[in-house]
Each structure stands twice: as C-alpha cells, then as structure tokens.
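Chain by chain, the residues run as shown.
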Amino acid sequence: MNYQDFLANGGAPVMSSLDKDRAQILVVESDATTRNTFKQTLASLGYPSVWDAPNHAMALQKLAERPITHVIFEAKKSTMPASEFLTAVLACDEKIIALPSSSEPSVDDVFNLLVIGARGFIVKPFAGDTLDSSIAMATKGEPLSEAILYAKNRNEALVSLAMSNLDRLAQTMKQARQFETAQRELGKKVMGFKRAVELAKTFAQGGEEKLAQAILDFCLERQNGPATRLGRLRKRLGDRKGVKVPRPTEAANSSNKETSATEDQAQDQADGSADASALPNS
C-alpha cells in the first residue's frame, strides 16, 4: 500500500456534527481582530458554542463559570505566562483539549507547552480547514508520547516520538494483512506519524542538520541493542535492578555456536508468553 491508500483507509480524524455540537470552546487572544476571526471561523465550521477572553486571567474566570472542552490560547504572556495558564487550565480539568496559537510556532515556549500537556498548536494566520483539522487531531488523535518528558534533549524527544509512531504504523501495516480492524486503523497511524514528523521539523534545535544527526544516533543506538524483543526486555529489567538477567547456557565449543544460537532463539520464543506479562512493554 502507498501513502494515499493509507489515507483512504480511515484518513485523518474528523469532528462530526455531534462532536461540534458538544464542543465548548474558549478562545484566549489579546488582539481583537484575531479574536473575532477565530470566533467567526469556528462558527462557519459548525461550532455553535464559542466564548472568548482577551487575556489569560479573564479566561480562567470564564473556566470557573461554565464547562469548557477546548481552549485555544495565545502562546505568549499576557496577565501571566502561557505555561502558568496552561498548568492552571489542566488543574481545573485535565480532560480539556488545550491548543496554543502562535505566529512563531518554532519558538521554545510552544514546545514547552506541548511538554506541559498541550495537544497540538495553531499557526496564525490560519485557514478554516487548518483550524478544523487541528482541533480534530488534538481531540481524536493519539496523545503525544511520554518520550518527550523523559528525553535528555529536545531533538532526542522529537526523534523518539517520530520513531515510536513509525513503529506503531509498521506494526499496524503487518496486522492489516490479516485483520480488518487493523486496516481501519491505518489512516490514523499514518496521520500520527505525519504529525510527529511535522513536530520534529518545526521544533528541532539546530535545524535539519542537527535533526538528521539525532535520527542517525537514535537508529545506531537501536541497532546496537538486543535483537529480540525478549532480549530487550531482559536487558531493561537487568538495568533496572542492577543485575544481569541470565540467558540460556551457550556451548563452550566453537563448533556448536550455531546450534547454541538456535537453541537460544527457541528459548526466547518459549519464554516470551511467560515473561511478557511480568516485564514492561518495549
């Protein structure tokens, strides 16, 4: 299958008419013209319930007055830093879909908002279809990986996010050869991978050259790790406990190396069902 086939097999997430009727959107924007553009565009897209606030403090007041499902907020300081505002929003209700908006999406602040819990971002100025797809992806797409939280630097986080989405896509492609349920998931997995790649291109530190180096480092590190799934699980468990988890005994005689390797693989397969439930997922 090619990329267009994937899109035809489910495509990008969309907000149905019922989804839009249920959405309660709060727009936080200091510029009156941009704020009105948001409201008019959302109304034309079929979102009937839209409120607005000119700054973050007033937005928090409105959050206390009514239930809100989505917050589109300016990714720069007004009455408080945007990061402080987002933290307060998610403290009120962690289920709120928060989308920062910015005319400079590559700035550090936007990426930090993704780390805190934003579900995407909106580039200003925006087109109606772009705004609609951003809301749909944030609402129905897969959340950003926790790899962003634990990576040692931003590029490593972005590459890890893209590669984990690629792994999920590859696994779904394999399953789709046999299962109809997996076929229906292909489009969603493609869009998840595409979203991760776009994030990497937008927020990479040092430009495309540094991002390419981070991809190379990530792939080399993965290549040098244990080859089998159970092997990776054994290594992770051993590293976590500070001990080496023993593998099946290997023959000392070099002439029996091939036989020993075959037995090791067979043991890995036999151990898989018993060990997998007790060890963390790879």
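Parameters and conventions
- Residues numbered from 1 in each chain as written.
- Predicted model: local features only at pLDDT ≥ 70, side-chain atom pairs only at ≥ 80, totals over all residues.
- Heavy atoms only, no water.
- 1 Å grid on protein atoms, 1.4 Å probe; cavity = no way out; pocket = protein on both sides within 12 Å on 5 of 7 lines; lining within 4 Å.
- Points joined across faces, edges and corners; volume = space filled by probe spheres on them.
- Helix = DSSP H or I, 4+ residues; strand = E, 2+ residues; numbered from the N terminus.
- Phe/Tyr/Trp six-rings, centres within 6.5 Å; stacked < 30°, edge-to-face > 60°.
- Buried < 20%, exposed > 50% of the residue type's maximum accessible area, 1.4 Å probe, protein only.
- Nonpolar A, V, L, I, M, F, W, Y, C, P; charged D, E, K, R; others polar.
- Pairing = 2+ DSSP bridges.
- Contact = heavy atoms within 4.5 Å.
- Axes fitted to C-alpha atoms, helices over the stretch in contact; angles between N-to-C directions.
- Salt bridge = Lys/Arg side-chain N within 4 Å of Asp/Glu carboxyl O.

### Here's the deal with empty space enclosed by the protein
Alright, step 1. A complete count under the given rule lists one cavity of 30 Å³ or more for this structure.
Alright, step 2. The computed volume of the largest cavity comes to approximately 110 Å³.
Alright, step 3. In terms of lining, the largest cavity is formed by 13 residues, of which the most central are Glu 142, Pro 143, Asn 165, Gly 192 and Arg 195.
Alright, step 4. At the level of secondary structure, the elements contributing two or more residues to the lining of the largest cavity comprise helix H9 (154-176) and helix H10 (180-203).
Alright, step 5. No other element matches H10, which puts five residues into the lining of the largest cavity.

### Some points on the packing of aromatic side chains
Alright, step 1. A full pass over the atoms with the stated rule returns four aromatic pairs.
Alright, step 2. A centroid spacing of 5.4 Å and a plane angle of 55 degrees characterise the contact between Phe 73 and Phe 85, whose relative ring orientation is tilted. Taken together, the positions of Phe 73 in strand S3 (residues 70-74) and Phe 85 in helix H5 (residues 82-92) put the pair 12 residues apart, joining distant regions of the chain.
Alright, step 3. When the centroid spacing of 5.3 Å and the interplanar angle of 80 degrees are considered together, the rings of Phe 121 and Phe 203 count as edge-to-face. Highlighted residues: Phe 121 in the loop between helix H6 (108-116) and strand S5 (122-123) and Phe 203 in helix H10, separated in sequence by 82 residues.
Alright, step 4. Phe 203 sits in the buried class, given a relative accessible area of 0%.

### Thoughts on the layout of surface pockets
Alright, step 1. Empty space within the second largest pocket amounts to approximately 450 Å³.
Alright, step 2. The wall of the second largest pocket is formed by 19 residues, among which Phe 121, Ser 134, Met 137, Arg 195 and Glu 198 lie closest to the centre.
Alright, step 3. For the lining of the second largest pocket, the secondary-structure elements that each account for two or more residues are S5, helix H7 (128-140) and H10.
Alright, step 4. For the lining of the second largest pocket, the leading source of residues is H10, giving six residues.
Alright, step 5. Considered class by class, the residues forming the lining of the second largest pocket number 10 nonpolar, five polar and four charged.

### Overview of the sheet that holds strand S4 (residues 97-102)
Alright, step 1. Strands sit in the order S2-S1-S3-S4-S5 across an open sheet of five strands; the sheet is parallel. The open sheet has two free edges, formed respectively by strand S2 (50-53) and S5, since each of these has just one partner strand.
Alright, step 2. For strand S1 (residues 25-28) and S3, the ladder comprises four bridges, and the chain directions are parallel. Bridging across to S3, Val 28 finds its partner in Phe 73.
Alright, step 3. Relative to S1, helix H4 (residues 56-65) is tilted by about 165 degrees, and along the sheet it contacts S1, S2 and S3.

### A word on the pattern of salt bridges
Alright, step 1. According to the stated counting rule, one finds eight salt bridges in the structure shown.
Alright, step 2. We note a salt bridge from Glu 65 to Arg 66, for which the minimum N-O separation is 3.8 Å.
Alright, step 3. On the basis of relative accessibility, which here comes to 25%, the residue Arg 66 falls in the partly exposed class.
Alright, step 4. When the shortest N-O distance is used, the salt bridge between Glu 74 and Lys 76 registers 3.6 Å.
Alright, step 5. Classification of Glu 74 by relative accessible area gives buried; the value is 6%.

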